[in-house]
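Structure at a glance
The primary structure of each chain is shown beneath.
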Amino acid sequence: MKKLTLLFVAFFLLTGTHLKADEGMWLPMYVKRLNFVDMQKKGLQLTPEEIYSVNHSSLKDAIVGLANSPKPSGYFCTAEIVSDEGLMFTNHHCGYDAIQKHSSLEYDYLTDGFWAMGREEELPNEGMTASVLIYMEDLTDSIIPTLSDTLSEADRKSAVREITSRIKKRASEEGKYNVIVKSFFEGNEYYMFVYEVYLDVRLVGAPPSSVGKFGGDTDNWMWPRHTGDFSIFRIYTAPDGSPAEYAAENIPLKPKHHLPVSIDGVQENDFAMIWGFPGSTERYLTSSGVQFKVDHYFPPLIDAFGVKLDVWKQHMDADPEVKIKYASKHAGIANGWKYFIGQSKGVKDLDVVGQKEAFEAELEEWIAADENRQQKYGMVLTEIDDAYIEKSDGIEPLIYASITGIGGSDIMAYAQKFMGLKEMLKQLKEEKDNKKKAKKEEQIRNTADNMLAALSADFKNYDKATDQDVFAAMTELYFKKVPVSFHPELLDKMEKKYKGDLAAYAAYVFSNSLMADSGSAKVFLKNPSLKALDKDPAFELAQGYMQKIMPAGSEYRTKGKGLDKAERIYMQAIREMQPDKAFYPDANSTMRFTYGQVMDYIPRDAVQYDYVTHLWGVMEKEAPDNDEFYVEPKLKELFETKDYGPYAAKDGSMVVCFLTNNDITGGNSGSPVINGKGELIGLAFDGNWEAMSSDIGFIPDLQRTIVVDVRYVLFIIDKYAGAGHLVDELTISQSAPQPVRTEMKTVIEVVVD
Ligand code: ARG
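Anyway, here's the lowdown on the structure attached to this text.

Rules behind the numbers
- Residues numbered from 1 in each chain as written.
- Predicted model: local features only at pLDDT ≥ 70, side-chain atom pairs only at ≥ 80, totals over all residues.
- Heavy atoms only, no water.
- Near = heavy atom within 4 Å.
- Polar contact = N/O pair within 3.5 Å; in protein donor to acceptor, adjacent residues only side chain to side chain.
- Helix = DSSP H or I, 4+ residues; strand = E, 2+ residues; numbered from the N terminus.
- Bend = angle between axes of the 7 residues up to and from the residue.
- Axes fitted to C-alpha atoms, helices over the stretch in contact; angles between N-to-C directions.
- Parallel < 35°, antiparallel > 145°, perpendicular 65-115°, else oblique.
- Left-handed = near helix turned anticlockwise from the far one by under 90°.
- Contact = heavy atoms within 4.5 Å.
- Nonpolar A, V, L, I, M, F, W, Y, C, P; charged D, E, K, R; others polar.
- Salt bridge = Lys/Arg side-chain N within 4 Å of Asp/Glu carboxyl O.
- Buried < 20%, exposed > 50% of the residue type's maximum accessible area, 1.4 Å probe, protein only.
- Lys, Arg positive; Asp, Glu negative; His and termini not counted.
- Core = buried A, V, L, I, M, F, W, Y, C linked by side-chain atoms within 4.5 Å.

**Thoughts on the site of the ligand**
The environment of the ligand is formed by His93, Lys213, Gly216, Asp217, Asn220, Trp221, Asn335, Ser669, Phe685 and Asp686. Between the ligand and Gly216 there is a distance of 2.9 Å, counted from a nitrogen atom to a backbone nitrogen or oxygen. A distance of 2.8 Å separates a nitrogen atom of the ligand from a polar side-chain atom of Asp686. Elements with a minimum of two residues in the shell around the ligand: helix 10 (216–219) and strand 19 (680–687).

See below:
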């Protein structure tokens, strides 16, 4: 904590000393050693064993990593188990992709919400997985001493892989568990994580977007917030309780632990902790690293994504079917786009580079004071700075090229899938041997059949007119922003031919490419021919892009080669300089917890934000013609009659969201916010605009986590959606009256009075 506190000293002086946010994404296995005493002081009432235990069930058993693969890594979100029948809560924006996939004009679950009124109505989601951590183990001492300092980075990596593969195999217990080993502190420590990965995860409920995404992209990353950002899933297992792919006979998971739910509500300064799977932070980045990001990395992303979002939006606004098809893609890019803008702005406004430079000056002084340190660390900052200078050269064109060229439009991405087929067709043509020819033909048939099978999925979220406009806009950006040396010959030729009118070129491509719609792709795949591919205008351009970007990419990868090693040594230096500081590792998609309090903040001079928002705030923001701020009549009615049941606050109001000073990042979305007794009080779903630079520099005065109050979640499920059977599954904390729905009326009267 000390390092970053030092970093932001000047910042404190400017803004006074309001309460600080609590920095740190801590590893569960060290809860007792590092954090417990402090947590108790802040209000935790559980024992360390009730939180993290390998031998008994504990809180950690209710925390779930959501992924789109059976590999226990790359969690896109967190969920928590809330019933003894495997029911899980996560965010609406975490379930968004799944909800979108089940949506159509006829069943528009994005707009209308979805509620399974019985188990048989719960919807399976192919590929979606839920990981529960069994235990973690420190492998540092088995790995680091075996690695010689003279190893190249590549050899170091393969040495680590070799050692860990044996350990992983043993820990997997014949495939019962999925095991992953991850590097921490820039390769100075290694930990193993052993998971049970469940493969049958079903959608149980989702509010309409007018609740779950209320405020849309306008309110995204901002407080005050009024979003009911939750959705509900359930884990299923084989009848014997083991993980299994979807099958009708599967049964709901019997979890080791599920979180009880408190409907007592929160007060300012209440203890709050968050458990989950933060994806990635770079808190130990140097000033040159930060500069590299904001000067070179973010600008092309902000530019190109902004253009793409505009085109999508035009089409989505004009056609309800396009709106459904592009909803998830749009939400993902829009979220990232605003994040890059916010982070760039935050870094500048808060002078993150200046603060880091001040810290580095202090480090240099510490190094210079001792000969031994000079030998070990004397060159480390120079090496890092030099590597970033090297990496800065040529990065922008490469980013532009990849996101406007081959990754610019759906048609270009789809064209790439034909490259393997083209190679085979070419080989077939050149093959003289009849036997080998027959084998090739069979290979081609299999590949084409696989592509045919994937056809409807490939085109499900595609609209030809939209993609044509995206293609035109992206091709134009490529032409303008990527140096001529990276232009495919065809692009320059077409630009000339169409006299700079790339929309006309796009029209030509989309009316002549077999890849522009599923019908023509199908015809081709039934009878693939080299000739058709060779003259296909989309395929030809995609090939041109690949021929340019592949060598450029491999050349770029040779730049800044020494960076990994230098950053590892830098990490050693800063830890050695601050021996009494408890360091937490950067987020890397492994389970962490963060603890602190419910807390307001002062975003700028003379402005203080309250720590809670209410349902009346939803009504204040209502804009009937703007779908970001649309409010359903049913919700208005509940508001007008104050029909909140047992979910109302003590003053009779309905709380929607609240703030904590916890330390989270992307991947924590959906994470449980838990009180001192281990009960669920809310779901974390966002960070705030004033602290957007937080992934590279924590800002105690400003950083807050935005949480949807669990009482609002239950109110929407029960009162709004009439899915009270789901509330009945929960363990509601005893300190408040139980939500007996049949007696609701009496409770309401008490609350309204
Ligand atoms: N900013 C949130 C996150 O990164 C996502 C919020 C989604 N809501 C939205 N309106 N796009 O987790």
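Having seen it, we continue.
**Points about helix 12 (residues 320–349)**
Maximum bend of helix 12: about 55°, positioned at Tyr326. N-cap assignment for helix 12: the residue whose side-chain oxygen lies 2.8 Å from the backbone N of Glu321 is Asp319. Where helix 12 terminates, the next one or two residues include Asp351, which has phi positive at roughly 50°.

**Side note on the packing of helix 5 (residues 92–101) against helix 12**
Running from N to C, helix 5 and helix 12 cross one another at 160°; their axes reach a closest spacing of 9 Å. For the element pair helix 5 / helix 12, the angle class is roughly antiparallel. Of the two elements, helix 5 crosses helix 12, and the hand of that crossing is left-handed. Mapping the contact onto sequence places Tyr96, Asp97 and Gln100 in helix 5 and Ile324, Lys325, Ala327, Ser328 and Ala331 in helix 12. Partitioning the contact of helix 5 with helix 12 into residue classes produces four nonpolar, two polar and two charged.

**Points about the pattern of salt bridges**
Tallied over the entire structure, the rule returns 34 salt bridges. Among the salt bridges present, the one from Arg575 reaches Glu189, with a minimum N-O distance of 2.8 Å. Residue Arg575 is found in helix 26 (residues 563–577), and its partner Glu189 is found in strand 8 (residues 189–198); the two are separated by 386 residues along the sequence. Note on Arg575: relative accessible area 24%, which makes it partly exposed. Of the charged contacts in the structure, one is a salt bridge between Arg234 and Glu729, with a shortest N-O distance of 2.8 Å. Placement of the pair is Arg234 in strand 10 (residues 231–237) and Glu729 in helix 30 (residues 724–729), with a sequence separation of 495 residues. The network of salt bridges with shared partners includes Glu85, Arg119, Glu122, Arg234 and Glu729.

**Concerning the side chain of Lys338**
By the secondary structure assignment, Lys338 is in helix 12. We note that Lys338 is buried and unpaired, the nearest opposite charge coming from Asp219 at a distance of 6.7 Å. Here the side chain of Lys338 touches Asp217 through a polar contact of 2.8 Å, landing on its backbone oxygen. Among the polar contacts listed, one links the side chain of Lys338 to the backbone oxygen of Thr218, at a separation of 2.9 Å.

**Let's talk about the nonpolar core**
In this structure, Phe89, Phe418, Leu615, Leu635 and Ile717 are the most contacted members of the largest nonpolar core, which totals 247 residues. With eleven residues, helix 11 (residues 287–318) is the single largest residue contributor to this core. In contact with Phe418, other than residues within four places in its own chain, are Met451, Leu514, Met515, Phe524, Leu525, Leu533 and Phe539.

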